[in-house]
Amino acid sequence: MTGPTRVVVVGADAAGMSSAHQALRTARRTGRELEVTVLDKGTHTSYSACGIPYWMAGDVGSGDDLVARTAGQHREAGIDLRMGVEVVSTDLEARTVTTDTGEVVEFDELVVATGAPAVVPDWALRPDGTTYDGVGTVKTLDDGAAWADRLAAAGDGAHVVIVGAGYIGVEVAEAALRQGFGVTVLTRGRGMSMLEDEMSDLVNVALCDAGAEVVLGVEVTGLVLDGDRVTGVRWDGGTREADLVVVAIGVRPATAFLEGTGIELTEGGALRPDPHGRVAEHVWSAGDCCEVRRRLDDQWVFRPLGTYANKHGRALGDSLAGGTLSFDGMVDTAITRFSVGEVHLEMARTGLSRKDAEAAGHDPVALVTEGRTASGYMPEAEPIALWVMADRTTRRLLGVQVVGGHGAGKRIDAAAAVLWAGGTVDDLAWMDLAYAPPFATAWEVLQVAARRVAERL
Ligand SMILES: Cc1cc2nc3c(=O)[nH]c(=O)nc-3n(C[C@H](O)[C@H](O)[C@H](O)COP(=O)(O)OP(=O)(O)OC[C@H]3O[C@@H](n4cnc5c(N)ncnc54)[C@H](O)[C@@H]3O)c2cc1C
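Trainee: Help me out: how do you make sense of the sheet that holds strand β4 (residues 87-91) in this one?
Mentor: The strands making up a sheet associate through backbone hydrogen bonding, with each pair oriented either parallel or antiparallel. Spatially, the 3 strands line up as an open sheet ordered β4-β5-β6, and their pairing is antiparallel. Two strands close off the open sheet at either side, each with one partner strand: β4 and β6 (104-106). On average, each strand axis in the sheet is inclined to that of its neighbour by 25 degrees, with strand direction left out of account. As paired strands, strand β5 (residues 96-99) and β6 are joined by 3 bridges and run antiparallel to one another. From the neighbouring strand, T96 faces β6, where its bridge partner is E106.

Trainee: Hey, could you run me through helix α7 (residues 306-320) in this one?
Mentor: Within an α-helix, residues lying three or four positions from one another point in the same direction, as the helix has 3.6 residues per turn. A rise of 1.5 Å per residue sets the reference length of α7, with its 15 residues, at 21 Å; its end C-alpha atoms lie 21 Å apart and thus fit the reference within 8%. Along α7, the residues classified as buried are Y308, A309, H312, G313, A315, L316, G317, D318, S319 and L320. On its buried side, α7 packs onto β1 (5-10), α1 (14-30), β2 (34-40), β7 (109-112), β17 (283-285) and β18 (292-294). Looking one or two places after α7, you find G322, whose phi comes out positive at around 100 degrees.

Trainee: What should I look at first to understand the side chain of D143 in this one?
Mentor: Tracing the backbone through its elements, the reader meets D143 in helix α4 (residues 141-153). Buried within the structure, D143 lacks any salt-bridge partner; its nearest side chain of opposite charge belongs to R150, at an N-O separation of 6.7 Å. Sequence-distant contacts of D143, that is, excluding residues within four places in its chain, are made with T137 and V138.

Trainee: In this structure, what is going on with the domain arrangement of the protein? I would like to understand it.
Mentor: Looking at the protein, the domain boundaries give domain 1 (5-116 + 252-320), domain 2 (122-247) and domain 3 (346-456). Here the C-alpha centroids of domain 1 and domain 2 sit 30 Å apart. Between domain 1 and domain 2, the residue contacts involve 18 residues of the former and 17 residues of the latter. Roughly 1500 Å² of surface becomes buried between domain 1 and domain 2 when both sides are summed, with 64% attributable to carbon and sulfur atoms. Scanning the region where domain 1 abuts domain 2 turns up 2 salt bridges. We note a salt bridge from D59 to R178, for which the minimum N-O separation is 3.4 Å. Linking domain 1 to domain 2 there are 4 residue pairs in polar contact (both at pLDDT 80 or more). Per-class residue counts for the side of domain 1 that touches domain 2 are 13 nonpolar, 3 polar and 2 charged.

What counts and what doesn't
Residues numbered from 1 in each chain as written. Predicted model: local features only at pLDDT ≥ 70, side-chain atom pairs only at ≥ 80, totals over all residues. Heavy atoms only, no water. Pairing = 2+ DSSP bridges. Helix = DSSP H or I, 4+ residues; strand = E, 2+ residues; numbered from the N terminus. Axes fitted to C-alpha atoms, helices over the stretch in contact; angles between N-to-C directions. Expected span 1.5 Å × (residues − 1). Buried < 20%, exposed > 50% of the residue type's maximum accessible area, 1.4 Å probe, protein only. Contact = heavy atoms within 4.5 Å. Lys, Arg positive; Asp, Glu negative; His and termini not counted. Salt bridge = Lys/Arg side-chain N within 4 Å of Asp/Glu carboxyl O. Domains from an automatic or database assignment. Buried area = accessible area lost by both parts, 1.4 Å probe. Polar contact = N/O pair within 3.5 Å; in protein donor to acceptor, adjacent residues only side chain to side chain. Nonpolar A, V, L, I, M, F, W, Y, C, P; charged D, E, K, R; others polar.

If you want it as C-alpha cells, here you go:
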C-alpha cells in the first residue's frame, strides 16, 4: 500500500505558498493524497515585499498590513509549515533534504521556491558578515522593520544614500524624500536602465526635480565609517556624507543547496523550469530562483518579479497534483512610480528593448511620442511620453514604454495584451480602447504613438 505523496517545498513566500495551496486544491479535485511540508529559514511567510518601500514612505501603517496569510492560516489549510529552518543540501538519489540542524527530511516531490536574496557587496559588511550600522538592503519584512526604525530615528536633515537606481532604488528614493530626508542616488549605469535612454532620462529629471542628487556611471568602492557606523560613501572619484545607506544593487538566486545534485543552474545560479515548473525528475521550481521565458524572442531572462512567482507557482502546484495549468512565459512587462510632492511620474515597459530586438534579428523602428493622459481641457490632463517600437518588415509590435503623470503607467497593459497575442503595431493603433475626456484624448495617446510608428514602416 502506498501512502500520500510527500511534497517538500523549500521557501514559504509567493512561489512556495502559491504552489503549496494550489497543489492541495488540485489534489482534492484529482483525488490525489498529498502531504505538504514547507520549510523556510526566515521569520515571515506570504508577505508583499513589493509593499516595503510604501511602508518606508509611511503609506502603509505596519509590516502586518503586508502579510497576505499568516503561518497559522497556512497551517489551518493543512500545510505543515516550519519556519526558521534552512535547507543546506539535497540528495536526489535518496530524495532527502538536510536542514541546518542536521535533520533529514524525505520527499517524493521537491519544490524549490527559495527566491533570490539581495546582493550585499563586501564593502557593506563587517568581518562578522552583518552590515554596518545604518546600512541595509530592502528585501524581507525584517529589512522593512529595520528601515522603518532607522528612518524614524534619523534626525532632521539626515542624508540617505541609495546605491542602485533600479525600481527598488527609485521607490526607496520616493520614501526618503517624502519624509524630508536628503537623498543621493548612486548608480553604476543609468537610472531605471529597464527603460530606453530617452525614457530613463525623464526619470532622472523627475528625481532631481524632487530634490534628489543623482550620480550616474559610478562604482561605489567603500564606506566612510565612524567605528561601526556609516558616515559616508566612497566611489571612484567622489564621496558623499551619509547617515543611512540603502543597498539596492540586485538579487541572486538562492540555489546553493542544490550543488552536487546535477541539476543544471545558469551562470547566475538560476533554474530554468518548464511551463509546469519541472526542472528534473521529482524536482520543481518557480519564482525568483528561476529565469523566465520571454515569448517575444524565446530567450530566458532573469526577472525576479512577484507577478511571475505567483503565476508560475500556481501552475506548478496544479501540475504537481495532476492538473494541466502552465505558465507560458511573459512579455517583460513592469511598472513603478516616483511620487514626491508635485512630482508624480509613472513608468512602465513591456516587450523588447531596441538592443534585444536587434539581437533577435528584427529591423526595429522606434519613436517617442508626447501627449496628454486626458483631454487637454480636463484638469486631469498630464504629460505623457511613449516609446513604441515595431518591426519594419512584419509590422509586429516589439516594445512599448511609458513615462508620465497620473494614469500613464497602466496604459502599458493594452500594449502588453497586443504583445501577448503576437499583434502588430496596427492592431495597437486601431484596437477598441475606451475614451472619455477624463481618461484619454479622443485619439488615445498610446494609439497616436502606435500610428506614428506604423506610418514610418
Ligand atoms: C522592495 C521590493 C519591491 C518589489 N516590488 C515588486 C513589484 O512592484 N512588482 C513585482 O512583480 N515584484 C516586486 N518585487 C519582487 C517580489 O517581491 C518577488 O519577485 C517575490 O517575492 C518572489 O517570490 P519568491 O517566492 O520567488 O521568493 P522570496 O519572496 O524571496 O521567498 C523565498 C523564500 O525562501 C526562503 N529560503 C531561501 N533559501 C532557503 C533555504 N535554503 N532554506 C529554507 N528557506 C529558504 C526565504 O527565507 C524566503 O522566505 C519586489 C521585491 C522587493 C524586495
